[in-house]
Amino acid sequence: MTGTPLKPDFLASLESIAAFEGLAEALTSTDPEVSVRINPRKGAIPAGAVTDGEVPWCPEGMYLADRPAFTFDPALHQGRYYVQDASSMIIYPIVRELSRRLGDGPLTLLDACAAPGGKTLCAIDALPSGSAVVANEFDFRRAEILKENIIKWGVPLTAIVSRGDTRRFRRLRQTFDIIIVDAPCSGEGMMRKDATARSQWTPALVAECAPRQREILNNVWPALRPGGYLVYSTCTFNTDEDEHTVSAFIAENDALPVAVALDCALPGVAGAIEPEVEALRFLPGRVRGEGLFVSLMQKPGDQAGTYTESGKNDKKNKGKSKGKNSRTGAVPCARETAAWIADGGAETDLVMRGDTIYGIPGCHTALYKALDRELDIIHAGTEIATVKGRDAIPAHALALSPMLSADAFAHVEIDRDTTLKYLRRDAITLPEGTPRGYTLLTHDNVPLGFVKNLGNRSNNLYPAPWRILSAIPREE
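I will try to describe carefully the structure that is included in this document. Since the model is a prediction, treat every value here as computed from it, not as a measurement. (Residues numbered from 1 in each chain as written. Predicted model: local features only at pLDDT ≥ 70, side-chain atom pairs only at ≥ 80, totals over all residues. Heavy atoms only, no water.)

1. A word on unusual backbone geometry
Part 1 of the argument: Note the cis peptide between Ala-115 and Pro-116, where omega equals 5°.
Part 2 of the argument: Tracing the sequence through the fold places Pro-116 in the loop between β5 (108-111) and α5 (118-126).
Part 3 of the argument: Although it is not a glycine, Gln-174 sits at a positive phi angle of roughly 50°.
Part 4 of the argument: If you check the backbone angles, Cys-333 has positive phi at about 60° while not being a glycine.
Part 5 of the argument: Take Cys-333: it is sitting in the loop between β13 (292-298) and α10 (334-338). (Helix = DSSP H or I, 4+ residues; strand = E, 2+ residues; numbered from the N terminus.)

2. Quick word on the packing of helix α4 (residues 91-101) against α5
Part 1 of the argument: It is at 8 Å that the axes of α4 and α5 come closest, and there the two elements cross at 35°. The chirality of how α4 crosses α5 is right-handed. Where α4 abuts α5, its residues Ile-91, Tyr-92, Val-95, Arg-96 and Ser-99 lie against Lys-119, Cys-122, Ala-123, Asp-125 and Ala-126.
Part 2 of the argument: Residues that form the contact of α4 with α5 fall into these classes: six nonpolar, one polar and three charged. (Axes fitted to C-alpha atoms, helices over the stretch in contact; angles between N-to-C directions. Left-handed = near helix turned anticlockwise from the far one by under 90°. Contact = heavy atoms within 4.5 Å. Nonpolar A, V, L, I, M, F, W, Y, C, P; charged D, E, K, R; others polar.)

3. A word on the nonpolar core
Part 1 of the argument: By size, the foremost hydrophobic cluster in this structure holds 50 residues, and its most contacted members are Trp-57, Ile-90, Ile-94, Val-95, Ile-178 and Val-231.
Part 2 of the argument: Among the nonpolar cores identified, the runner-up in size contains 37 residues, and Ala-223, Ile-250, Ile-377 and Ala-380 belong to it. (Core = buried A, V, L, I, M, F, W, Y, C linked by side-chain atoms within 4.5 Å. Buried < 20%, exposed > 50% of the residue type's maximum accessible area, 1.4 Å probe, protein only.)

4. Re helix α9 (residues 243-253)
Part 1 of the argument: Along α9, the residues classified as buried are Glu-243, Thr-245, Val-246, Ala-248, Phe-249 and Ile-250.
Part 2 of the argument: Of the surrounding secondary structure, the elements contacted by the buried residues of α9 are α8 (203-220), β9 (224-234), β10 (256-258), β12 (279-282) and β13.
Part 3 of the argument: At the C-terminal side of α9, Asp-254 shows a positive phi close to 55°.

5. Some details on the pattern of salt bridges
Part 1 of the argument: Scanning the model with the defined rule gives 23 salt bridges in all.
Part 2 of the argument: Between Glu-148 and Lys-152 there is a salt bridge, with the nearest N and O atoms lying 2.7 Å from each other. Placement of the pair is Glu-148 and Lys-152 together in helix α6 (residues 140-153), with a separation of four residues, close to one helical turn.
Part 3 of the argument: For Glu-148, a relative accessible area of 17% corresponds to the buried category.
Part 4 of the argument: Accessibility expressed as a relative area gives 9% for Lys-152, which makes it buried.
Part 5 of the argument: When the shortest N-O distance is used, the salt bridge between Asp-242 and Arg-281 registers 3.2 Å. Note that Asp-242 is positioned in the loop between β9 and α9 and Arg-281 in strand β12, a separation of 39 residues in sequence. The same class applies to Asp-242 as to Arg-281, namely buried.
Part 6 of the argument: Through salt bridges with shared partners, one network takes in Arg-37, Arg-41, Glu-60 and Asp-125. (Salt bridge = Lys/Arg side-chain N within 4 Å of Asp/Glu carboxyl O.)

6. Description of the environment of Met-190
Part 1 of the argument: Inspection of the secondary structure puts Met-190 in the loop between β8 (176-182) and α7 (195-200).
Part 2 of the argument: C-alpha separation for the pair Met-190 and Ala-210, spaced 20 residues apart in sequence, amounts to 17 Å.
Part 3 of the argument: In this structure Met-190 touches Ala-197, Cys-235, Glu-290 and Gly-291, once residues within four positions along its chain are discounted.

Keep in mind these values describe shape, not function.
Pasting the structure below:
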């Protein structure tokens, strides 16, 4: 709980709305919850953590009794869990329900303001098999964090990370079945745990945020297919950024408000303050989570479906490959790197971006090409390798991906101390008899990353920007 006092203007804004009764007290006299979401494919509870119940609306969500030293837990860096506020995990059941309404086939989803990535990961796990996700972020530094978190999660579907203004999505007409806009906001919902959110708040900030939110919504609306769904959220309380923004957008675009009906318990979650808007409100003190507002809208029409080159619905070809390794001819080391992919990359197209080889499921190659023409893409599908001369160096993303062939590399299991050295990018000593060449390190029998074994020493291939910089504490 932060010691920075709430500003009088903010307190006055809460007092004017009866639904916020008791909220100021909750923000000043209660502590924020600590929660994580477990990776459903390779998950683990944080080392040494004491659990304190499940998040009712998210099957992999878990409350913790206290906040452990996440930085020094190998499982975090393996993508086995993600530290996330419980309220924002509501995206999981929402996307799952929208997928059901859209027919449970492969879908395309855009998370337009995605960093640091928690909501994107919820959406990824809720989508049907064979779907594609585009995660976009305007800020350069935050986009790199978004990319890191998606790679660590080891996503089982096509994930593309782009960087830039949402105005670019105006040109991608009718491309997505679902669009999430977790809009930049005044941050009132974070005031219980963030002193900066308290100190930076002013009425002028609220007045500045609301028009920007409407602009973002208008930017992405053309990219949504008829019949598709728009999920709008903020981590703030005021109606200017919430209900008023939604109602104005609905009126200007003939959007249809959608009731948020989910097949999970929502203890303490309130509805919209204004009756013409469908929404969920998460208020600290009433729910075990921070402040969040979520509203659903639908674009009129019934043409939602899988993206094709023409941009039209094509239910016949849902989930089918457009070709096998159709671009490997122009990719150096294609045969070698294809062998690193499960099933020999039979359903994967290899594409080059600079000196990096990416693997993209053939069914989404047309989508990737269309996005590549309009967006600044910094990550696509699964990064397979970096090409240097005639050699291919396996990418860290491949080590954490379900695309990795289990037999492609020698495996060496390492203990916690050695794992932390690896994560600091220190030199690692491998057991005698380890074959020379690229070796996959595992910890707790879960992939961690690659080294290159040179015999008398090994080169640590952990990504330099991700390395642990803090001193590792000694265990008692």
